[in-house]
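# Chain and residue survey
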Amino acid sequence: GAGVSQSPSNKVTEKGKDVELRCDPISGHTALYWYRQSLGQGLEFLIYFQGNSAPDKSGLPSDRFSAERTGGSVSTLTIQRTQQEDSAVYLCASSPGQGATEAFFGQGTRLTVV
Amino acid sequence: GENVEQHPSTLSVQEGDSAVIKCTYSDSASNYFPWYKQELGKGPQLIIDIRSNVGEKKDQRIAVTLNKTAKHFSLHITETQPEDSAVYFCAPIRPGGSYIPTFGRGTSLIVHP
(Lines give C-alpha, C1' and ligand atoms only; values in the text may rest on other atoms or scores of the structure.)
Protein backbone atom coordinates (compact mmCIF):
# COMPACT_ATOMS: atom_id res chain seq x y z
CA GLY A 1 0.00 0.00 0.00
CA ALA A 2 1.04 3.60 -0.55
CA GLY A 3 -0.50 5.06 2.60
CA VAL A 4 1.09 6.42 5.78
CA SER A 5 2.49 3.61 7.89
CA GLN A 6 3.08 3.77 11.64
CA SER A 7 4.81 1.29 13.90
CA PRO A 8 4.28 -0.24 16.31
CA SER A 9 0.49 -0.24 16.27
CA ASN A 10 0.46 -0.84 20.02
CA LYS A 11 3.10 -0.20 22.66
CA VAL A 12 2.94 -0.91 26.38
CA THR A 13 5.78 0.51 28.41
CA GLU A 14 6.67 0.99 32.03
CA LYS A 15 6.65 4.42 33.59
CA GLY A 16 10.07 6.03 33.27
CA LYS A 17 11.15 4.14 30.15
CA ASP A 18 11.86 5.79 26.80
CA VAL A 19 9.83 4.94 23.69
CA GLU A 20 10.27 5.55 19.98
CA LEU A 21 7.36 5.72 17.54
CA ARG A 22 7.95 5.50 13.82
CA CYS A 23 6.15 7.06 10.86
CA ASP A 24 6.67 6.29 7.16
CA PRO A 25 4.92 9.01 5.16
CA ILE A 26 3.59 8.74 1.64
CA SER A 27 6.45 8.87 -0.82
CA GLY A 28 7.02 12.37 -2.16
CA HIS A 29 5.08 14.14 0.60
CA THR A 30 7.19 16.96 1.98
CA ALA A 31 4.99 17.83 4.98
CA LEU A 32 4.73 15.55 8.01
CA TYR A 33 2.71 16.08 11.19
CA TRP A 34 2.48 14.36 14.57
CA TYR A 35 -0.67 14.62 16.65
CA ARG A 36 -1.71 13.11 19.97
CA GLN A 37 -5.24 11.89 20.68
CA SER A 38 -6.22 11.08 24.24
CA LEU A 39 -9.23 8.85 24.87
CA GLY A 40 -12.38 10.49 23.52
CA GLN A 41 -10.57 13.72 22.77
CA GLY A 42 -9.63 15.72 19.71
CA LEU A 43 -6.29 15.83 17.98
CA GLU A 44 -3.56 17.78 19.75
CA PHE A 45 -0.84 19.09 17.43
CA LEU A 46 2.70 18.13 18.45
CA ILE A 47 5.22 18.89 15.69
CA TYR A 48 5.36 19.69 11.96
CA PHE A 49 8.11 19.09 9.40
CA GLN A 50 8.16 20.75 5.97
CA GLY A 51 10.95 19.84 3.59
CA ASN A 52 14.33 21.05 4.80
CA SER A 53 12.88 23.85 6.95
CA ALA A 54 13.31 23.91 10.71
CA PRO A 55 10.45 21.94 12.29
CA ASP A 56 7.60 23.70 14.07
CA LYS A 57 7.87 22.25 17.58
CA SER A 58 5.33 24.60 19.15
CA GLY A 59 2.98 21.77 20.16
CA LEU A 60 5.42 19.57 22.07
CA PRO A 61 4.09 19.40 25.67
CA SER A 62 7.46 19.09 27.42
CA ASP A 63 11.17 18.62 26.77
CA ARG A 64 10.67 14.87 27.22
CA PHE A 65 9.19 14.87 23.71
CA SER A 66 11.34 15.15 20.59
CA ALA A 67 11.09 14.16 16.95
CA GLU A 68 13.33 13.93 13.96
CA ARG A 69 12.85 13.32 10.28
CA THR A 70 15.69 11.72 8.41
CA GLY A 71 16.29 12.34 4.72
CA GLY A 72 12.98 14.10 4.40
CA SER A 73 11.13 10.82 4.77
CA VAL A 74 10.83 8.60 7.86
CA SER A 75 10.11 10.34 11.17
CA THR A 76 10.62 9.14 14.73
CA LEU A 77 8.84 10.59 17.76
CA THR A 78 10.72 9.93 20.99
CA ILE A 79 9.25 10.23 24.47
CA GLN A 80 11.76 10.05 27.30
CA ARG A 81 10.99 9.04 30.87
CA THR A 82 7.37 8.21 30.01
CA GLN A 83 4.58 9.19 32.40
CA GLN A 84 1.08 7.77 32.69
CA GLU A 85 -0.38 10.96 31.22
CA ASP A 86 1.54 10.20 28.01
CA SER A 87 -0.86 7.31 27.36
CA ALA A 88 -2.70 8.16 24.14
CA VAL A 89 -2.88 7.38 20.43
CA TYR A 90 -0.11 9.07 18.49
CA LEU A 91 -1.10 9.87 14.92
CA CYS A 92 1.19 10.76 12.06
CA ALA A 93 0.03 12.44 8.85
CA SER A 94 1.68 13.60 5.67
CA SER A 95 0.66 15.92 2.85
CA PRO A 96 2.14 17.02 -0.46
CA GLY A 97 3.12 20.27 1.22
CA GLN A 98 1.90 22.47 -1.62
CA GLY A 99 -0.14 24.88 0.46
CA ALA A 100 -3.28 24.04 2.39
CA THR A 101 -4.39 20.57 1.40
CA GLU A 102 -5.55 17.18 2.64
CA ALA A 103 -3.60 15.45 5.40
CA PHE A 104 -3.26 11.67 5.02
CA PHE A 105 -3.18 9.87 8.36
CA GLY A 106 -1.68 6.63 9.49
CA GLN A 107 -3.60 4.25 11.73
CA GLY A 108 -1.81 5.52 14.82
CA THR A 109 0.26 4.01 17.62
CA ARG A 110 -1.61 3.33 20.84
CA LEU A 111 0.80 3.98 23.73
CA THR A 112 -0.01 2.71 27.20
CA VAL A 113 2.24 3.64 30.11
CA VAL A 114 1.81 1.37 33.14
CA GLY B 1 -3.49 30.58 17.05
CA GLU B 2 -6.72 29.35 15.55
CA ASN B 3 -9.59 28.53 17.92
CA VAL B 4 -11.90 25.87 16.54
CA GLU B 5 -15.18 24.76 18.07
CA GLN B 6 -17.54 22.04 16.92
CA HIS B 7 -21.17 21.55 17.81
CA PRO B 8 -22.73 19.32 18.85
CA SER B 9 -20.21 17.05 20.59
CA THR B 10 -22.58 14.11 20.21
CA LEU B 11 -25.36 13.59 17.67
CA SER B 12 -27.76 10.67 17.67
CA VAL B 13 -30.10 10.15 14.71
CA GLN B 14 -32.29 7.46 13.20
CA GLU B 15 -31.25 5.83 9.95
CA GLY B 16 -32.52 7.93 7.05
CA ASP B 17 -32.51 11.20 8.97
CA SER B 18 -30.21 14.11 8.17
CA ALA B 19 -27.30 15.22 10.36
CA VAL B 20 -25.64 18.62 10.55
CA ILE B 21 -22.40 19.44 12.36
CA LYS B 22 -21.16 23.00 12.70
CA CYS B 23 -17.58 24.24 12.99
CA THR B 24 -16.72 27.75 14.13
CA TYR B 25 -13.22 29.14 13.66
CA SER B 26 -11.51 32.33 14.78
CA ASP B 27 -8.94 33.20 12.11
CA SER B 28 -10.53 35.17 9.28
CA ALA B 29 -7.49 34.39 7.10
CA SER B 30 -8.34 30.67 7.01
CA ASN B 31 -9.02 29.56 3.46
CA TYR B 32 -9.23 25.77 3.49
CA PHE B 33 -12.03 23.96 5.29
CA PRO B 34 -11.95 20.16 5.43
CA TRP B 35 -14.02 17.58 7.27
CA TYR B 36 -12.48 14.30 8.43
CA LYS B 37 -14.17 11.07 9.48
CA GLN B 38 -12.52 8.83 12.06
CA GLU B 39 -13.75 5.29 12.50
CA LEU B 40 -12.85 3.24 15.56
CA GLY B 41 -9.20 2.22 15.61
CA LYS B 42 -8.31 4.18 12.49
CA GLY B 43 -6.78 7.54 11.65
CA PRO B 44 -8.98 10.39 10.38
CA GLN B 45 -9.79 10.38 6.68
CA LEU B 46 -10.85 13.35 4.56
CA ILE B 47 -14.44 13.09 3.37
CA ILE B 48 -15.05 16.53 1.89
CA ASP B 49 -13.38 19.93 1.76
CA ILE B 50 -14.08 23.43 0.52
CA ARG B 51 -11.99 26.48 -0.24
CA SER B 52 -12.84 30.06 0.57
CA ASN B 53 -13.89 31.03 -2.94
CA VAL B 54 -16.81 28.58 -2.85
CA GLY B 55 -19.91 28.68 -0.66
CA GLU B 56 -21.10 25.10 -0.99
CA LYS B 57 -19.85 21.75 -2.21
CA LYS B 58 -21.73 18.49 -2.51
CA ASP B 59 -20.63 14.89 -2.97
CA GLN B 60 -23.50 12.41 -3.05
CA ARG B 61 -24.99 12.31 0.47
CA ILE B 62 -22.55 14.74 2.03
CA ALA B 63 -22.19 18.48 1.60
CA VAL B 64 -20.23 21.31 3.16
CA THR B 65 -21.41 24.92 3.39
CA LEU B 66 -19.20 27.88 4.24
CA ASN B 67 -20.08 31.24 5.75
CA LYS B 68 -16.87 33.25 5.76
CA THR B 69 -18.51 36.36 7.17
CA ALA B 70 -19.70 34.48 10.24
CA LYS B 71 -16.58 32.26 10.29
CA HIS B 72 -18.27 28.91 10.34
CA PHE B 73 -18.73 25.94 8.05
CA SER B 74 -21.02 22.97 8.35
CA LEU B 75 -21.11 19.32 7.36
CA HIS B 76 -24.46 17.99 6.12
CA ILE B 77 -25.16 14.28 5.79
CA THR B 78 -28.47 13.23 4.26
CA GLU B 79 -30.14 9.81 4.35
CA THR B 80 -27.82 8.69 7.13
CA GLN B 81 -26.79 5.04 7.31
CA PRO B 82 -25.33 3.00 10.19
CA GLU B 83 -21.92 3.07 8.50
CA ASP B 84 -21.92 6.86 8.88
CA SER B 85 -21.47 6.30 12.63
CA ALA B 86 -18.04 7.73 13.47
CA VAL B 87 -16.32 10.78 14.92
CA TYR B 88 -16.18 13.78 12.60
CA PHE B 89 -13.57 16.55 12.84
CA CYS B 90 -13.23 19.91 11.16
CA ALA B 91 -9.69 21.25 10.66
CA PRO B 92 -9.45 24.70 9.05
CA ILE B 93 -6.11 25.94 7.73
CA ARG B 94 -4.84 29.48 7.27
CA PRO B 95 -2.42 30.28 4.43
CA GLY B 96 1.18 31.33 4.83
CA GLY B 97 3.93 29.84 6.97
CA SER B 98 3.05 26.46 8.42
CA TYR B 99 -0.04 24.87 6.94
CA ILE B 100 -0.96 23.11 10.15
CA PRO B 101 -4.57 21.91 10.49
CA THR B 102 -6.16 22.87 13.82
CA PHE B 103 -8.65 20.17 14.72
CA GLY B 104 -11.92 20.68 16.53
CA ARG B 105 -12.75 18.40 19.47
CA GLY B 106 -14.86 16.15 17.27
CA THR B 107 -18.51 15.18 16.96
CA SER B 108 -19.56 11.63 17.66
CA LEU B 109 -22.34 10.69 15.24
CA ILE B 110 -24.45 7.67 16.09
CA VAL B 111 -26.90 6.40 13.48
CA HIS B 112 -29.46 3.98 14.87
CA PRO B 113 -30.77 1.36 12.45
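Our subject is the structure listed above.
Here's a quick rundown of the structure. (Residues numbered from 1 in each chain as written. Chains lettered and ligands numbered in written order. Predicted model: local features only at pLDDT ≥ 70, side-chain atom pairs only at ≥ 80, totals over all residues. Heavy atoms only, no water.)

## A closer look at the environment of Y90(A)
Residue and element names in this part refer to chain A. What counts here: Secondary structure elements are defined from DSSP: runs of H or I of at least 4 residues count as helices, runs of E of at least 2 residues count as strands, and each element is numbered from the N terminus. The contact rule is simple, with two residues in contact once any of their heavy atoms fall within 4.5 Å. Polar contacts here mean pairs of N or O atoms no more than 3.5 Å apart (in protein, one a potential hydrogen donor and the other a potential acceptor; neighbouring residues in sequence count only if both atoms are side-chain atoms).
With respect to the helices and strands, the residue Y90 is situated in strand β8 (residues 88-95). Sequence spacing of Y90 and E102 is 12 residues, and the spatial spacing of their C-alpha atoms is 19 Å. Apart from residues no more than four positions distant in its own chain, Y90 is found in contact with Q6, L21, W34, Y35, R36, L46, F65, L77, I79, G108, T109 and L111. In terms of polar contacts, Y90 uses its side chain to reach the backbone carbonyl oxygen of D86, at 2.7 Å.

## A short note on the state of the cysteines
For the record, the criterion: Pairs of cysteine sulfur atoms within 2.5 Å are what we label disulfides.
Tallying each qualifying case throughout the model produces 2 disulfides over all chains. One disulfide in the model links C23(A) with C92(A); its S-S distance is 1.9 Å. Around the S-S axis, the bridge from C23(A) to C92(A) shows a dihedral of about -65° and counts as left-handed. With C23(A) in strand β3 (residues 19-24) and C92(A) in strand β8, this residue pair connects regions lying 69 residues apart in the sequence. Disulfide partner of C23(B): C90(B), at an S-S distance of 2.1 Å. Since a negative S-S torsion denotes a left-handed disulfide, the C23(B)-C90(B) link at about 70° is right-handed. Separated by 67 residues along the polypeptide, C23(B) in strand β3 (residues 19-25) and C90(B) in strand β9 (residues 86-90) bring together distant segments of the chain.

## Some remarks on the pattern of salt bridges
Where charged atoms of side chains with opposite charge meet at close range, the side chains can pair. Heads up, the condition is: Here, a salt bridge means any Lys or Arg side-chain nitrogen found within 4 Å of an Asp or Glu carboxyl oxygen. Only protein chains enter the accessibility calculation, which uses a 1.4 Å probe; a residue is then buried when its area is under 20% of its type maximum, exposed when over 50%, and partly exposed in between.
Scanning all chains against the criterion turns up 9 salt bridges over all chains. R64(A) is the partner of D86(A) in a salt bridge, and the nearest nitrogen-oxygen pair spans 2.8 Å. Taken as a pair, D86(A) in the loop between β7 (75-79) and β8 and R64(A) in the loop between β5 (44-50) and β6 (65-69) lie far apart in primary sequence, 22 residues in all. By the burial criterion, D86(A) is buried, and R64(A) matches it. Note that K42(B) is salt-bridged to E39(B), the shortest N-O span being 3.5 Å. Within this structure, K37(B), E39(B) and K42(B) form a network of salt bridges that share partners.

## Things to note about the sheet that holds strand β8 (residues 72-77) of chain B
The strands that make up a sheet are held in pairs by hydrogen bonds between backbone atoms, and each pair lies either parallel or antiparallel. Residues and elements named next belong to chain B. Put simply, the rule reads: Note on pairing: two strands pair once DSSP finds at least 2 bridges between them. Axis definition: a line fit to C-alpha positions, over the contact stretch in the case of helices; interaxial angles, taken between N-to-C directions, run 0 to 180 degrees.
The strand order across the open sheet built from 5 strands is β1-β3-β8-β7-β6, with neighbouring strands paired in antiparallel fashion. Edge positions in the sheet fall to β1 (4-7) and β6 (56-59), since each has one partner strand and no second. Strand-to-strand twist in this sheet, taken as the mean axis angle between neighbours without regard to direction, amounts to 15°.

## What to know about the interface of chain B and chain A
Bring the parts together and some accessible area is lost; that lost area is often taken as the interface size. Put simply, the rule is: Joining two parts hides part of their accessible area as seen by a 1.4 Å probe, and the buried area is that hidden amount summed over both. The nonpolar class holds Ala, Val, Leu, Ile, Met, Phe, Trp, Tyr, Cys and Pro. Asp, Glu, Lys and Arg form the charged class, and all remaining residues, Gly among them, are polar.
At the junction of the two partners, chain B supplies 19 residues and chain A supplies 18 residues. When the two sides are added together, the surface that chain B and chain A hide from each other amounts to roughly 1,500 Å², 57% of it contributed by carbon and sulfur. Sorting the residues of chain B by area buried against chain A places Y99(B), I100(B) and F103(B) first, and these three jointly supply 32% of that buried surface. Taken together, chain B and chain A are joined by 0 salt bridges. At the boundary of chain B with chain A, the tally comes to 6 residue pairs in polar contact (both at pLDDT 80 or more). Secondary-structure elements contributing two or more residues to the side of chain B that touches chain A are β4 (32-38) and β5 (45-51) of chain B. Sorting elements by how many residues they give to the side of chain B that touches chain A places β4(B) first, with 3 residues. Here the residues of the side of chain B that touches chain A are counted per class, giving 10 nonpolar, 6 polar and 3 charged.

Nothing here speaks to function; it is geometry throughout.
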